[in-house]
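Examination of the molecular architecture
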Amino acid sequence: MRQPRTRVAIVGGGVAGLVTATLLRRRGIDVRIFEQTPQLGAIGAGIQLSPNGVRVLHRLGLQAALARTGVRAQAIETRRWADGTRIARVRHGVACTELFGAPYYLIHRADLQRCLLSVLPEHVMELGKGCTRVVEGPDEVALHFADGTTTTADVVIGADGVHSAVRAAVVQDEPRFSGYAVHRGLVPAAAVPSFATDPRVLFWLGPRRHVTYYPVRGGDIVHFSAVGASNDARTGSFSSPDEMNELATGFADWHEEVRRVVTAAGSVTRWGLFDRDLADRYVTGRIALLGDAAHPTLPYLSQGANQALEDAVTLARCLWEADPARLAPALHRYQSLRRPRTAEVHRRARDLARTFHLPDGQEQTDRDSEMRDGQEPEHLSWLYGFDADAATTPTPGPASPVPAPVPAAHPIHRL
Ligand SMILES: Cc1cc2nc3c(=O)[nH]c(=O)nc-3n(C[C@H](O)[C@H](O)[C@H](O)COP(=O)(O)OP(=O)(O)OC[C@H]3O[C@@H](n4cnc5c(N)ncnc54)[C@H](O)[C@@H]3O)c2cc1C
């Protein structure tokens, strides 16, 4: 008799949800995505995709699309807030491809979303389906939606971000406001003329603030994120004169280039930055969390989406290799493969929340010299060299597969 197909419901159509659905569908698994947004719209910000994430996208067949829409970063450069002194420059261009087998891309989020939707099979995603709660039973999971409807699935994947509704069925906790907020905007390429010949990520570090900017859309525009200490935890607020003023005032004594960039946007968005303490578990018997829903991480290592891509590979593989009658061991395998690695990224990102924003003084001088000492891209092997597919492949012998070990801390990990 033919085995019944596992029915998988994914809550959330962000990076994590879209990629997991595509991978599962390609293996013939019955998968649906329930996304709260009624209409997929333009997402006005950039995102950095490191080789560990790009590798996943390449295997989905997105090599040409990424090369067309992304900008290859030549380096990540760190500078001092007031005078622009270079602290460190880590080569990324050819070095990334040679050392880690994939480039480092800077891409507009709307372009990334288009790439991901181009490989998602039709009729997989339902829009306007905000999930309010999931209830796990012995044989299936019930999903309840804000529009009053319900459905069931054999497995539910919570890919619904840092404020996840699915998470409540796995872990009892709340998002934690970090005491920082970010303003994001897009400005004309002319704001940073040096990107024309040297496209790279620029990090400017200063007391209680930092700014990141880089080119997207073939270098036609520049995306910036300006992070500052704040008591205001609001998320998703859009441009108002108050916010433009907050930005201009906060960076008034910074280097002229930073002031030019952060004041050149016609509009900005402002988000309070949240994470959560790392949970002991990412799964139950029939529910799995992934991406920001599983391990929401402060954005300072630029890894949230890259880790979500790694999660997607591992979870999809654990599920398609599973006996449909025994799904719980497959979900626990996913958890044991992904928790150590995502815990390390989560921890390092929290460390950066402090070290990125140090006041000028001895500790800041020490941080800068450590960064200078660790400029070789090889130091990023633990992060960029990780291959989620290989780490999920069962190794011969009795031991269960474990992720690549994380080497001892090195200064460059602060980047
Ligand atoms: C300032 C900033 C800069 C960043 N820069 C980078 C970077 O350069 N590189 C990087 O890798 N990461 C970066 N990140 C992190 C990255 O954006 C996230 O880690 C990533 O988007 C997580 O993807 P996800 O699919 O798990 O969640 P999300 O992108 O949050 O997607 C969740 C989806 O679920 C939907 N949803 C939510 N609740 C429900 C519900 N109840 N029912 C149905 N649907 C729901 C949402 O509408 C959304 O579509 C940055 C984050 C910030 C804040």
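Residues numbered from 1 in each chain as written. Predicted model: local features only at pLDDT ≥ 70, side-chain atom pairs only at ≥ 80, totals over all residues.

1. Examining the overall build of the protein
Looking only at helices and strands, the protein features 12 helices and 19 strands. In terms of overall size, the protein behaves like a compact globule, its C-alpha atoms giving a radius of gyration of 21 Å where 415 residues would be expected to give roughly 22 Å. Each of the three principal axes of the protein carries a C-alpha extent, and together these read 70 × 50 × 40 Å. Across the 415 residues in the protein, those meeting the buried criterion constitute 47%. Taking as baseline every contact in the protein between residues at least 6 positions apart, the subset at least 24 positions apart corresponds to 75%. (Helix = DSSP H or I, 4+ residues; strand = E, 2+ residues; numbered from the N terminus. Rg over C-alpha atoms; globule rule 2.2 N^0.38 Å. Buried ≥ 20, exposed ≤ 12 C-beta atoms within 10 Å, placed from the backbone. Contact = placed C-beta atoms within 7 Å.)

2. Section: helix α5 (residues 109–119)
Turning to α5, its buried residues are Asp111, Leu112, Gln113, Cys115 and Leu116. Next to the buried residues of α5 lie α1 (15–26), β3 (46–49), α3 (63–69) and β7 (105–108).

3. Some words on the pairing of strand β16 (residues 221–229)
One ladder, built from 9 bridges, connects strand β13 (residues 176–188) with β16; its direction is antiparallel. In the sheet register, His183 faces β16, and the bridge partner there is Ala226. Sheet topology note: the strand β15 (residues 209–216)/β16 ladder contains 8 bridges and is antiparallel. Across the sheet, residue Arg209 finds its bridge partner in β16, namely Gly228. Between β15 and β16, which pair antiparallel and follow one another directly, the connecting turn spans 4 residues, one of which, Arg217, has a positive phi of 50°. (Pairing = 2+ DSSP bridges.)

4. Remarks on unusual backbone geometry
Look at His123: it is not a glycine, yet its phi comes out positive at around 65°. Using a count of 7 C-beta atoms within 10 Å as the deciding quantity, one classes His123 as exposed. Here the phi dihedral of Arg217 falls at roughly 50°; this positive angle occurs in a residue that is not glycine. Note on placement: Arg217 falls in the loop between β15 and β16.

5. Some words on the sheet that holds strand β8 (residues 125–126)
Read from one edge to the other, the open sheet built from 5 strands follows the order β8-β2-β1-β12-β19, with strand pairing classed as parallel. A single partner strand is all that each edge strand has here, and the edge strands are β8 and β19 (287–289). In terms of strand pairing, strand β2 (residues 30–34) meets β8 through 2 bridges, oriented parallel. Across the sheet, residue Phe34 finds its bridge partner in β8, namely Glu126.

6. Details of the sheet that holds β7
With antiparallel pairing, the 3 strands of this open sheet are ordered in space as β3-β7-β4. Pairing within the sheet leaves two strands with one partner each, and these edge strands are β3 and β4 (71–72).

7. Section: the environment of Ala264
Structurally, the position occupied by Ala264 is in the loop between α7 (256–262) and β18 (269–275). You can call Ala264 partly exposed: it has 16 C-beta atoms within 10 Å. The sequence separation of Ala264 and Ile47 amounts to 217 residues, and the corresponding C-alpha distance is 19 Å. Residue contacts for Ala264: discarding those within four places in its chain leaves Val187, Pro188 and Ala191.

8. Re the site of the ligand
In the region of the ligand, 33 residues are neighbours, and Gly12, Gly14, Gly161, Gly291 and Gly304 sit closest. Looking at the shell around the ligand, the elements with two or more residues in it are α1, β3, β13 and α8 (304–320). Ranked by residues supplied to the shell around the ligand, first place goes to α8 with 4 residues. Class assignment for the residues of the shell around the ligand results in 14 nonpolar, 15 polar and 4 charged. (Near = placed C-beta within 6 Å. Nonpolar A, V, L, I, M, F, W, Y, C, P; charged D, E, K, R; others polar.)

9. With respect to the nonpolar core
Grouped together as the largest cluster of nonpolar side chains are 116 residues, with contacts concentrated most on Val8, Val19, Val156, Ala288, Leu290 and Ala312. Broken down by element, this core gets its largest block of residues, 9 residues, from α8. (Core = buried A, V, L, I, M, F, W, Y, C linked by C-beta atoms within 7 Å.)

10. Points about the packing of helix α2 (residues 51–59) against α8
The N-to-C vectors of α2 and α8 enclose an angle of 45°; their axes lie 8 Å apart at closest approach. In terms of orientation, α2 lies oblique with respect to α8. Here α2 and α8 pass one another in a crossing that is left-handed. On α8, the residues that touch Asn52, Gly53, Val56 and Leu57 of α2 are Ala305, Asn306, Leu309, Glu310, Ala312 and Val313. Of the residues in the contact of α2 with α8, the class split is 6 nonpolar, 3 polar and 1 charged. (Axes fitted to C-alpha atoms, helices over the stretch in contact; angles between N-to-C directions. Parallel < 35°, antiparallel > 145°, perpendicular 65-115°, else oblique. Left-handed = near helix turned anticlockwise from the far one by under 90°.)

11. Side note on the packing of α8 against helix α9 (residues 327–355)
Running from N to C, α8 and α9 point in directions that differ by 165°, and their axes come no closer than 8 Å. Comparing their axes, α9 and α8 come out roughly antiparallel. Considering only the axes of α8 and α9, their crossing is right-handed. When α8 is examined against α9, the residues Gln307, Asp311, Thr314, Leu315, Cys318 and Leu319 are found in contact with a partner set consisting of Ala330, Leu331, Arg333, Tyr334, Leu337, Arg338, Thr342 and Val345. Looking at the contact of α8 with α9 residue by residue, the class counts come to 8 nonpolar, 3 polar and 3 charged.

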